[in-house]
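# Remarks on the overall topology
Residue strings, one per chain:
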Amino acid sequence: MEIELSFASPEKLETEALVVPVCERKKGAKGQYGLGSRAKSLDQALGGFLQKLLDSGEVKGKLLETSLLHTSLFSSGSSSGGLGAKRLLLLGCGQQDKFSAFELRKVAGTAVRFLKAKSISSCAFLLEDFFGNETGDETSASRAIVEGGIAGNFETNKYKSEKDSDEMAAVTLACVSKKNDTALQAATREAKIVAESQNFTRDLVNEPGNRLTPSILAERARRMAAEVGLECEILDKQKITELKMGAFLSVSLGSDEPPCMIVLRYLPAQAPPSPVLGLIGKGITFDSGGISIKPAADMDKMKYDMAGGAAMLGVIRAVALLKPNVRVIAVVPASENLLGGKAQKPGDIQTAMSGKTIEVLNTDAEGRLVLADALTYAHQVLGCTHLIDAATLTGACAVALGSVNSGVFGSDDSLVERLLASSRTAGEKMWRLPLDDEYKEQLRSAFADLPNIGGRYGGAITAAHFLKEFTADLPWTHLDIAGTAWLDDNKPHMSKGPTGVAVRTLTQLVLDFAGQS
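Residues numbered from 1 in each chain as written. Predicted model: local features only at pLDDT ≥ 70, side-chain atom pairs only at ≥ 80, totals over all residues. Heavy atoms only, no water.

## A closer look at the packing of aromatic side chains
Note the cut-off: Each pair of aromatic rings taken from Phe, Tyr and Trp, with Trp reduced to its six-membered ring, is defined by centres within 6.5 Å and is described as stacked if the planes are under 30 degrees apart, edge-to-face if over 60, and tilted in the remaining cases. Partly exposed residues are those whose accessible area sits between 20% and 50% of the maximum for their type, while under 20% is buried and over 50% is exposed, using a 1.4 Å probe and protein chains only. Geometrically, a lysine NZ or arginine CZ counts as sitting over a ring once it is within 6 Å of the ring centre and also within 35 degrees of the ring normal.
Counted under the stated rule, the structure contains four aromatic pairs. Measuring from centroid to centroid gives 5.3 Å for Phe 466 and Phe 470, while their planes differ by 45°, and the two rings are tilted. In this structure, Phe 466 and Phe 470 share a single accessibility class: buried. An aromatic cluster is present here, built from Phe 99, Phe 125 and Phe 131 joined pairwise through their rings. The side chain of Arg 418 reaches across the aromatic face of Phe 513, ending 3.8 Å from its centre. The ring of Phe 102 is capped by Lys 429, whose NZ or CZ atom sits 4.6 Å from the centre of that ring.

## Some remarks on unusual backbone geometry
Here is the rule: What counts as a helix is a DSSP run of H or I of at least four residues, what counts as a strand is a run of E of at least two, and both are numbered from the N terminus.
Each neighbour pair has its own omega, and for Ser 274 with Pro 275 the value is 5°, a cis peptide bond. Relative to the helices and strands, Pro 275 is located in the loop between strand E9 (260-266) and strand E10 (276-281). Backbone geometry at Lys 244 places phi at a positive 60°, although glycine is not the residue there. By secondary structure assignment, the location of Lys 244 is in the loop between helix H7 (237-242) and helix H8 (246-252). The phi dihedral of Asp 298 is positive, around 70°, even though this residue is not glycine. The topology assignment puts Asp 298 in the loop between strand E11 (283-287) and helix H9 (307-322).

## Some details on the pairing of strand E12 (residues 327-337)
Defined as follows: The criterion for strand pairing is that DSSP finds at least two bridges linking the strands in question.
By the criterion of burial, E12 is predominantly enclosed, with ten of the eleven residues buried. The pairing of E9 with E12 spans seven bridges and is classified as antiparallel. From the neighbouring strand, Cys 260 faces E12, where its bridge partner is Ala 334. Pairing between E11 and E12: four bridges, direction parallel. Paired with Ile 284 across the bridge in E12 is Ser 335.

## Some details on helix H4 (residues 138-153)
Selection criterion: What a helix should span is 1.5 Å times the count of its residues minus one.
End to end, H4 covers 22 Å across 16 residues, agreeing with the expected 22 Å (1.5 Å per residue, within 8%). Of all 16 residues making up H4, 14 are buried, and the element is well covered by its neighbours.

## Considerations on the confidence of the model for the protein chain
Here is the rule we go by: A score from 0 to 100, pLDDT tells how confident the predictor is in each residue. Only heavy atoms enter the contact rule, under which two residues are in contact if any of them lie within 4.5 Å.
On average, residues of the protein chain score 94 in pLDDT, and 96% of them are at 70 or above. For residues 76-80, every residue scores under 50 in pLDDT, and the model assigns this stretch five contacts once sequence neighbours within four places are set aside.

## Comments concerning the packing of helix H6 (residues 214-228) against H9
For clarity, the threshold we go by: What counts as an axis is a line fitted to C-alpha atoms, over the stretch in contact for a helix, and the angles between N-to-C directions run from 0 to 180 degrees. Here is the rule for angles: anything less than 35 degrees is roughly parallel, anything more than 145 is roughly antiparallel, 65 through 115 is roughly perpendicular, and the remaining ranges are oblique.
It is at 10 Å that the axes of H6 and H9 come closest, and there the two elements cross at 10°. Classified by the angle their axes make, H6 and H9 are roughly parallel. Only Leu 313, Ile 316, Arg 317, Ala 320 and Leu 321 of H9 make contact with H6, whose side of the interface consists of Leu 217, Ala 221, Met 224 and Val 228.

## So, a nonpolar patch on the surface
Inclusion rule: What goes into a patch is any residue over 30% in relative accessible area without a salt bridge, connected to like charges within 9 Å or, for nonpolar side chains (Val, Leu, Ile, Met, Phe, Trp, Tyr), within 5 Å. Accessible surface area values rest on a Shrake-Rupley calculation with a 1.4 Å probe, where residue burial reflects the displayed protein chains alone. In what follows, salt bridge is the name for a side-chain nitrogen of Lys or Arg lying within 4 Å of a carboxyl oxygen of Asp or Glu.
On the surface, a cluster of nonpolar side chains totalling about 250 Å² of accessible area is made up of Ile 291, Ile 293 and Leu 339. Tracing the chain through its elements places Ile 293 in the loop between E11 and H9. On the accessibility criterion, Ile 293 (49% relative accessible area) is partly exposed.

## Quick word on the environment of Arg 444
Quick note on the threshold: In the analysis that follows, any N or O atom pair within 3.5 Å is treated as a polar contact, provided that within protein one partner can donate a hydrogen and the other can accept it, and provided that, for residues neighboring in sequence, both atoms belong to side chains.
In this fold, Arg 444 is placed in the loop between helix H13 (437-440) and strand E18 (450-451). Measuring from C-alpha to C-alpha, the distance between Arg 444 and Gly 454 comes to 7.8 Å, with ten residues separating the pair along the chain. Polar contacts involving the side chain of Arg 444 include one to the side chain of Glu 441, which spans 2.7 Å.

## Focus: the sheet that holds strand E13 (residues 349-351)
Strand order in the open sheet formed by three strands is E13-E14-E18, and the pairing between neighbours is mixed. Two strands in the sheet have a free side with no partner beyond their single neighbour: E13 and E18. Of the strand pairs in this sheet, E13 and strand E14 (residues 357-359) are connected by three bridges, and their pairing is antiparallel. Note on E14: the bridge partner recorded for Thr 351 is Thr 357.

## Considerations on the side chain of Asp 43
What counts, and what does not: None of His or the chain ends enter the tally, which takes Lys and Arg as positive and Asp and Glu as negative.
Following the sequence through the fold, Asp 43 ends up in helix H1 (residues 37-44). Buried within the structure, Asp 43 lacks any salt-bridge partner; its nearest side chain of opposite charge belongs to Lys 52, at an N-O separation of 8.4 Å. A distance of 2.8 Å separates a polar side-chain atom of Asp 43 from the backbone nitrogen of Leu 50. At 3.1 Å, the side chain of Asp 43 forms a polar contact with the backbone nitrogen of Gln 51. Those residues in contact with Asp 43 that sit more than four places away from it in its chain are Leu 35, Gly 48, Phe 49, Leu 50 and Gln 51.

## Focus: helix H12 (residues 413-426)
We apply this condition: Regarding the arc, it is the one traced by the directions from the helix axis to the C-beta atoms.
Its 14 residues place the ends of H12 20 Å apart at the C-alpha level, agreeing with the 20 Å of an ideal helix rising 1.5 Å per residue. Those residues of H12 lying buried are Leu 415, Val 416, Leu 419, Leu 420, Ser 422, Ser 423 and Ala 426. Looking straight down H12, one finds that the buried residues subtend no more than 160° of arc, so they occupy a single side. H12 presents Asp 413 and Arg 424 as exposed residues on the side facing more than 90 degrees away from its buried surface. Gly 427 lies just past H12 and shows a positive phi near 75°.

## A few points about the pairing of strand E7 (residues 170-174)
With five of its five residues buried, E7 lies for the most part within the structure. Every second residue of E7 is oriented toward a common face, with Ala 170, Thr 172 and Ala 174 on one face and Val 171 and Leu 173 on the other, all of them buried. Pairing of strand E6 (residues 122-126) with E7, which is carried by five bridges, proceeds in the parallel orientation. Residue pairing in the sheet places Cys 123 in a bridge with Val 171 of E7.

## Section: the packing of H4 against helix H5 (residues 181-206)
The following threshold applies: The crossing is said to be left-handed when, going from far helix to near helix, the turn is anticlockwise and less than a right angle, and right-handed when the turn is clockwise. Any residue outside Ala, Val, Leu, Ile, Met, Phe, Trp, Tyr, Cys, Pro, Asp, Glu, Lys and Arg is labelled polar, Gly included; the first ten of those are nonpolar and the last four are charged.
Two elements in contact, H4 and H5, have axes separated by 8 Å at closest approach and are oriented at 25°. As the angle between them shows, H4 and H5 are arranged roughly parallel. Seen along the crossing, H4 lies across H5 with a hand that is right-handed. Of the residues assigned to the contact of H4 with H5, the class counts are nine nonpolar, five polar and seven charged.

The structure is reproduced here in structure tokens:
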């Protein structure tokens, strides 16, 4: 999707559809809220028609409410009602004093999805004064619109013979002042890179297990690395065996597909030697649960169990194009978790790369096994000084936080706070969960150094404690995205399926580190 800027007055802007944000009116306050100052200027050319719609209650301005108007109907003396736009899309923003960049991304995505479903391939988005409530200046609002719009343009119908809707080819931002042109151009370029990287991640997660095995994922990563200028290394099964990654290898034993470790390096020549950010993502391309097999219902969704690994590939893609002055390495342990004559069994004991022994009580708790060796490899071999991992790790986290917030854990308060600050800037909701030592008491085994699961309660927390055992006390944070990496239904602003969660937040975190170097 192409992004363009326009500084023409709203009434003169020529476009297939002009998106006009409108807010809910305050009860009993006729004319207040509703239209922003730029929409009011537009409304003058319509003789106050838009304000009358709001005052009548026919258009309420509730969040993501849509009303499409053809401007040719506004005036019998003019085919366009005196406007350059052929249509107006009145798009609800909810309560003005609660409007933020988080809602703005949804509004932009809703506009794109609504219009392209009607075969409208280009539109313009009116930047309003009330976007400054929490979105900051016009550049921040532009970022949110671009990111939300590009995310809304993504569809999961890749393998359908007939597509449900067309793509939105271009979006114009109807800006206020040309004096901000340089900053706006830079902001929209960066937002486009981040959003396209989020969609790159979503495209990977959307692939079914028969079309995205570990080796195919590695090849997709290799191609992407060549396109954006990253160093790429793929560790095959033999190399993984030589490195004594027993935890990682154990997960792949039931599959005919060999595992691999994907390593992508972004190492700018002028960057200081430290920090080296290690981005580790779970890459289980299909998860049956192994011998501890999952229920048949919804097992098809387990193609998304590599969403954490795909997110890290999306982040380092964005980093390579944005070129921050900080060292970043992405590590994705890729495997299938299937049943077979050679599959590991509950009660088996595996030796991780770190030397710790693990009693595998449940083969469906495999994500922490592959991440354990990947975390060790990241700091022991690659020299990462800060570890950030993301994984669709536990159903327990989804039970705790639903599909709204990703769970955040960490051993270093400073790193966790920086990540949470980045999530707020990026418009992704995340919530820190506790990591008290008392929970660690559940990770006791009579036969090995630790089991791969704790008890029934606090499952997301005990899983995080398990991972912490392999971080060598380095600054580390863990994202459990089991509840947020997938949408079970279409939303006005985003299609059903993979969300690409964490790409925006972690890219922002890398940029934050570059600014602090």
